[in-house]
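# Observations on chain architecture
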Amino acid sequence: MKSLLNAALAIVITCGLLWFAASKLEASGSAGGEGVLTVYNWGEYIDPALIDQFEEETGITVIYETFDSNEAMLTKIRQGGSAYDIAVPSEYTIETMIEEDLLIEIDHSKITNLQNIDPYFLDLPFDPKNKYSIPYFWGTVGIVYNPNKIPEHITFDSWDDLWDPALKNKVFLVDGAREVMGMGLNSLGYSLNSRDDSELREATEKLKQLNGNVKAIIGDEITPLMINNEAAVSLTFSGQAADMMGENEELDFAVPSEGSNLWFDNMVIPKTAQNIEGAHLFINFMLDAEVAAQNAEYVGYSIPNKAAWELLDKEVINDERFYPPEERRSNLEVYENLGLELLGIYNEYFLEFKMSLN
Amino acid sequence: MKFKSKASLIPYLLWVALFVIAPIGLILYYSMLDLNGDFTLANYQNFFTPAYLTMTLTSFWYAFLITFFTLVISYPTAYFLTKMKHKHLWLMLIIIPSWINLLLKTYAFIGIFGLYGPVNAIIEVFGFDPKQILFTDFSFVFVAVYIFIPFMIIPIFNALDKMNPSLIYASRDLGASAFTTFRRVIFPLTIEGVKSGIQVTFIPALSLFMITRLIAGNKVITLGTAIEQQFLVAQNWGMGSTIAVFLILIMFASMLFTRTKKKGGRA
């Protein structure tokens with residue numbers, strides 16, 4: 001009898017411990033407060049030497065944590081219990097966070113380096129007057145390809161080149177509903193934020209004809225596979241393409257002329273922040289021209305920092321593939337927050353497309 | 001005495017209630033919620049559309065293929081293992097790879113099957129052009145079979161090992177051929193091992209999802225893929241749970257199908 005009671009007790013205690021551990025895990029980053037700054041950023045998205053430099057200059061200890069999707073980051077901040085002082089979401093997630101009242105207004109008087117940012121990247125529709133967010137990196141979605149492995153007439157000036165029969169079994173797509181559906185919509189001349197069901201339907205039907213050309217739909221594995229020439233062509237983000245091109249010099253990158261996605265990752269201060277003063281210091285520090293230039297060299301994505309452009313290699317900054325001039329940006333679109341219902345519909349269509357592959 | 005036997009159930013009941021019934025209850029509850037958290041049966045209606053029904057059939061078909069090939073490879077292997085001198089050592093060697101993380105093994109296959117991987121290098125030595133192996137349904141079934149083999153071998157090995165060898169001698173003495181002996185004596189006596197092997201292979205095979213992306217490049221879509229997408233991307237927990245409910249139902253059905261039948265009077 002006693003041993004049975006013990007067993008029952010053991011189960012209850014195990015549950016209690018699991019509960020405790022789970023709440024502890026969710027509250028990670030809760031060590032925040034004076035003298036400590038918790039930064040929540042994408043993986044491989046900052047030069048670690050800059051964190052050391054910031055710590056030295058300000059005496060603040062930085063706790064650095066990473067996430068791999070906007071959705072994961074959003075869930076953690078929504079649940080509360082965390083104490084992130086800085087997060088770096090993409091524009092459509094910032095829109096959601098403003099709507100859900102998860103962000104603190106940024107005191108522009110403390111961000112003196114804001115003047116370094118090119119005005120093009122300020123006062124955008126997802127955050128008018130930059131009340132809640134400050135630009136960090138930006139980029140596009142396009143096609144990375146190996147010109148030596150495909151016929152010469154294919155230059156990806158148009159999305160339709162992807163449908164060329166010469167690319168049979170040579171194309172990778174990224175496993176993202178917005179990116180792939182957006183590509184289909186753009187190729188038909190529609191907006192990648194389309195809310196029109198007949199347009200989405202048409203885009204799906206067009207995507208299905210891509211069947212023979214698609215080799216695989218995968219995630220971050222695209223980078224090593226493209227470096228190893230496993231496929232000749234891949235839909236990808238500009239920064240990821242820059243990574244690949246650093247390792248495999250045969251590769252080239254193009255953003256088709258019909259239009260594509262333009263994205264921004266901005267720094268924000270979540271409501272849960274414990275060190276608001278430190279967060280402002282950090283944002284201002286990252287906007288410093290020299291710091292931003294060093295960060296851009298390390299990370300490889302494009303920066304919105306005009307003052308830092310002067311410090312970067314002319315070859316980098318004049319590379320229209322990664323720094324498209326303003327007139328070319330006019331046909332790029334920013335993702336709008338479509339809402340869960342429409343996002344679900346995009347996913348259903350994307351699933352339908354995936355199922356048509358074989 | 002009676003009281004004691006009932007009380008002895010308490011820890012188990014507690015365990016079952018907390019870790020079996022409660023999670024299934026939660027899945028059922030979530031499956032009846034829409035995006036706004038209101039009660040709805042639309043998710044179930046949505047499941048009976050061609051997309052999800054096809055997906056269920058594909059999952060079923062691939063799980064069947066995987067289980068079939070795993071069995072075809074595992075049964076003879078287990079049989080020869082029992083004949084070995086150091087059988088437990090050999091069994092150990094087969095089991096050890098299952099200690100290695102599944103994802104690591106999967107990533108290894110990306111390298112092995114790649115256009116410039118060792119398999120294609122061998123193909124080229126024989127004068128053929130490199131073949132597309134990775135991102136096909138063949139590579140998907142191959143890797144899945146590789147992963148499940150140890151789990152199928154263990155129960156079959158145990159069943160074969162426990163079998164009384166004198167039954168085989170008796171069968172042969174009475175004039176049965178080797179094949180008849182296998183069909184009428186060995187196989188029926190080890191059928192329980194085969195059934196548990198099928199259960200531990202078929203059920204997880206139904207909901208494989210990482211391999212569908214990494215090895216099949218999303219060209220094979222299973223119910224597992226759909227659940228992952230509903231939870232992580234679409235953030236539609238209701239639909240994700242609904243698919244999970246059907247997965248549980250299918251698993252339950254397959255358990256019934258392979259359950260141990262009560263033996264009659266015949267020995």
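Residues numbered from 1 in each chain as written. Chains lettered and ligands numbered in written order. Predicted model: local features only at pLDDT ≥ 70, side-chain atom pairs only at ≥ 80, totals over all residues. Heavy atoms only, no water.

This brings us to the overall build of chain A. Tallying secondary structure elements over chain A gives 14 helices and ten strands in all. The C-alpha atoms of chain A give a radius of gyration of 23 Å, which matches the 21 Å a tight globule of 358 residues would have. Overall, the C-alpha framework of chain A stretches about 70 × 65 × 40 Å when taken along its three principal axes. Buried positions account for 57% of the 358 residues belonging to chain A. Taking the intrachain contacts of chain A between residues at least 6 apart in sequence as the baseline, contacts between residues at least 24 apart amount to 75%. If the 23 positive side-chain charges of chain A are averaged to one point and the 60 negative ones to another, these points end up 6 Å apart. (Helix = DSSP H or I, 4+ residues; strand = E, 2+ residues; numbered from the N terminus. Rg over C-alpha atoms; globule rule 2.2 N^0.38 Å. Buried < 20%, exposed > 50% of the residue type's maximum accessible area, 1.4 Å probe, protein only. Contact = heavy atoms within 4.5 Å. Lys, Arg positive; Asp, Glu negative; His and termini not counted. Charge placed at Lys NZ, Arg CZ, Asp CG, Glu CD.)

Looking now at the packing of helix α2 (residues 48-58) of chain A against helix α10 (residues 289-299) of chain A. All names here are of chain A. Their axes nearest at 9 Å, the elements α2 and α10 cross at an angle of 155 degrees. Overall, the two elements α2 and α10 adopt an arrangement that is roughly antiparallel. Counting all contacts with α2, which are made through Pro48, Ala49, Leu50 and Gln53, the residues of α10 involved are Val291, Gln294, Asn295 and Tyr298. Taken together, the residues of the contact of α2 with α10 sort by class into five nonpolar, three polar and no charged. (Axes fitted to C-alpha atoms, helices over the stretch in contact; angles between N-to-C directions. Parallel < 35°, antiparallel > 145°, perpendicular 65-115°, else oblique. Nonpolar A, V, L, I, M, F, W, Y, C, P; charged D, E, K, R; others polar.)

Attention shifts here to helix α8 (residues 238-247) of chain A. Taken together, the buried positions of α8 of chain A are occupied by Ser238, Gly239, Gln240, Ala241, Met244 and Met245 of chain A. Buried residues along α8 of chain A sit in contact with β4 (133-145), α7 (222-227), β7 (233-237), β8 (252-254) and β9 (260-268) of chain A.

Taking the numbering used here, the UniProt-annotated feature "transmembrane region" (unreviewed entry) corresponds to residues 12-32, 60-82, 89-113, 133-157, 197-216 and 236-257 of chain B. Helix makes up 76% of residues 89-113 of chain B and strand 0%, and the two end C-alpha atoms of the span are 30 Å apart. (UniProt positions renumbered as here; feature names shortened; annotations may be inferred.)

Residues and elements named next belong to chain A. Residues Asp52, Glu56, Glu57, Asp288 and Glu290 make up a contiguous surface patch of negative charge. Here the negative patch gets three residues from one element, more than from any other, and that element is α2. Mapping Asp52 onto the fold places it in helix α2. (Patch = residues over 30% accessible without salt bridge, like charges linked within 9 Å, V, L, I, M, F, W, Y side chains within 5 Å. Areas by Shrake-Rupley, 256 points an atom, 1.4 Å probe, with all protein chains shown as cover. Salt bridge = Lys/Arg side-chain N within 4 Å of Asp/Glu carboxyl O.)

Right, let's get into the pattern of salt bridges. As enumerated under the stated definition, the model contains 16 salt bridges over all chains in all. Linking Glu221 of chain A and Arg213 of chain B is a salt bridge whose minimum nitrogen-to-oxygen distance equals 3.3 Å. Of this pair, Glu221 of chain A sits in the loop between β6 (214-218) and α7 while Arg213 of chain B sits in helix α11 (residues 210-214), on two different chains. Its salt-bridge partner being Arg321 of chain A, residue Asp252 of chain A comes within 2.4 Å of it at the nearest N-O pair. Placement of the pair is Asp252 of chain A in strand β8 and Arg321 of chain A in the loop between α12 (314-317) and α13 (326-329), with a sequence separation of 69 residues. Members of the salt-bridge network, linked through shared partners, are Asp175, Glu221 and Lys354 of chain A together with Arg213 of chain B.

Among the nonpolar cores identified, the biggest contains 171 residues, and Phe156, Leu162, Leu173 and Val233 of chain A are the most heavily contacted of them. The leading source of residues in this core is helix α8 (residues 137-162) of chain B, at 13 residues. When we break this core down by domain, the ones giving at least three residues each are domain 1 (29-132 + 269-324) and domain 2 (139-262 + 333-356) of chain A. Here Val233 of chain A is in contact with Ile143, Val144, Tyr145, Ile150, Phe156, Leu162, Leu167, Lys170, Val171, Phe172 and Met226 of chain A, once residues within four sequence places are set aside. (Core = buried A, V, L, I, M, F, W, Y, C linked by side-chain atoms within 4.5 Å. Domains from an automatic or database assignment.)

This brings us to the environment of Asn164 of chain B. Looking at the secondary structure, you find Asn164 of chain B in the loop between α8 and α9 (165-173). A relative accessible area of 42% places Asn164 of chain B in the partly exposed class.

A water-sized probe rolled over the atoms picks out the places where empty space is left. Residue and element names in this part refer to chain A. Following the criterion strictly, the structure yields two cavities of 30 Å³ or more and no others. What the largest cavity holds in volume is close to 60 Å³. Residue assignment for the lining of the largest cavity shows that the elements contributing at least two residues are β4, α9 (276-287) and α10. Taken together, the residues of the lining of the largest cavity break down into nine nonpolar, two polar and no charged. In this structure, the second largest cavity occupies an estimated 40 Å³ of space. In terms of lining, the second largest cavity is formed by Val141, Trp159, Glu179, Gly182, Met183, Asn186, Leu192, Ser260, Asn261 and Tyr335. Those elements that provide at least two residues to the lining of the second largest cavity are α5 (177-187) and β9. A per-element tally of the lining of the second largest cavity places α5 first, with four residues. Taken together, the residues that form the lining of the second largest cavity break down as five nonpolar, four polar and one charged. (1 Å grid on protein atoms, 1.4 Å probe; cavity = no way out; pocket = protein on both sides within 12 Å on 5 of 7 lines; lining within 4 Å. Points joined across faces, edges and corners; volume = space filled by probe spheres on them.)

Residue and element names in this part refer to chain A. On the secondary structure map, Glu65 appears in strand β2 (residues 61-67). Lys76 is the oppositely charged side chain nearest to the buried, salt-bridge-free Glu65, at an N-O distance of 4.1 Å. A polar atom in the side chain of Glu65 sits 2.9 Å from the side chain of Tyr84. (Polar contact = N/O pair within 3.5 Å; in protein donor to acceptor, adjacent residues only side chain to side chain.)

Time to look at the domain arrangement of chain A. Residue and element names in this part refer to chain A. Here the domain parsing of chain A yields domain 1 (29-132 + 269-324) and domain 2 (139-262 + 333-356). Interface area, domain 1 with domain 2, both sides summed: about 1,100 Å², of which 59% is carbon and sulfur. On the domain 1 side of the contact with domain 2, Tyr301, Arg321 and Phe322 bury the most area, a combined 46% of that side's loss. Taken together, the links from domain 1 to domain 2 amount to one salt bridge. At five residues, helix α4 (residues 91-99) tops the list of elements feeding residues into the side of domain 1 that touches domain 2. A breakdown of the residues in the side of domain 1 that touches domain 2 according to their chemical character gives five nonpolar, two polar and four charged. (Buried area = accessible area lost by both parts, 1.4 Å probe.)

On to the UniProt feature "binding site: spermidine" (unreviewed entry) in chain A, then. Residues and elements named next belong to chain A. The UniProt feature table records "binding site: spermidine" (unreviewed entry) at Glu44 and Tyr92. If you trace the backbone, Glu44 turns up in the loop between β1 (36-42) and α2. Along the polypeptide, Tyr92 turns up in helix α4. Judged by relative accessible area, which is 21%, Tyr92 ranks as partly exposed. Each residue touching Tyr92, except ones within four places of it in the same chain, is listed here: Asn70, Glu71, Tyr335, Glu336 and Asn337. Only 3.5 Å separates the side chain of Tyr92 from the side chain of Asn70, close enough to count as a polar contact.

This paragraph deals with the UniProt feature "domain: ABC transmembrane type-1" (unreviewed entry) in chain B. Listed under "domain: ABC transmembrane type-1" (unreviewed entry) in the UniProt record, and renumbered for this structure, are residues 56-258 of chain B. Within residues 56-258 of chain B, the helical portion is 77% and the strand portion 0%, while the C-alpha atoms at the span's ends are 20 Å from each other.

Across the contact, 36 residues belong to chain B and 36 residues belong to chain A. Around 3,200 Å² of area is buried between chain B and chain A when both sides are counted, 64% of it from carbon and sulfur atoms. For the interface between chain B and chain A, the tally reads two salt bridges. Along the contact surface separating chain B from chain A lie 13 residue pairs in polar contact (both at pLDDT 80 or more). For the side of chain B that touches chain A, the elements supplying multiple residues, two or more each, are α1 (2-7), α2 (10-31), α4 (50-83), α6 (102-113), α11 and α12 (223-232) of chain B. Tallying contributions element by element places α2 of chain B first for the side of chain B that touches chain A, with six residues. For the side of chain B that touches chain A, a count of residues per class yields 23 nonpolar, ten polar and three charged.

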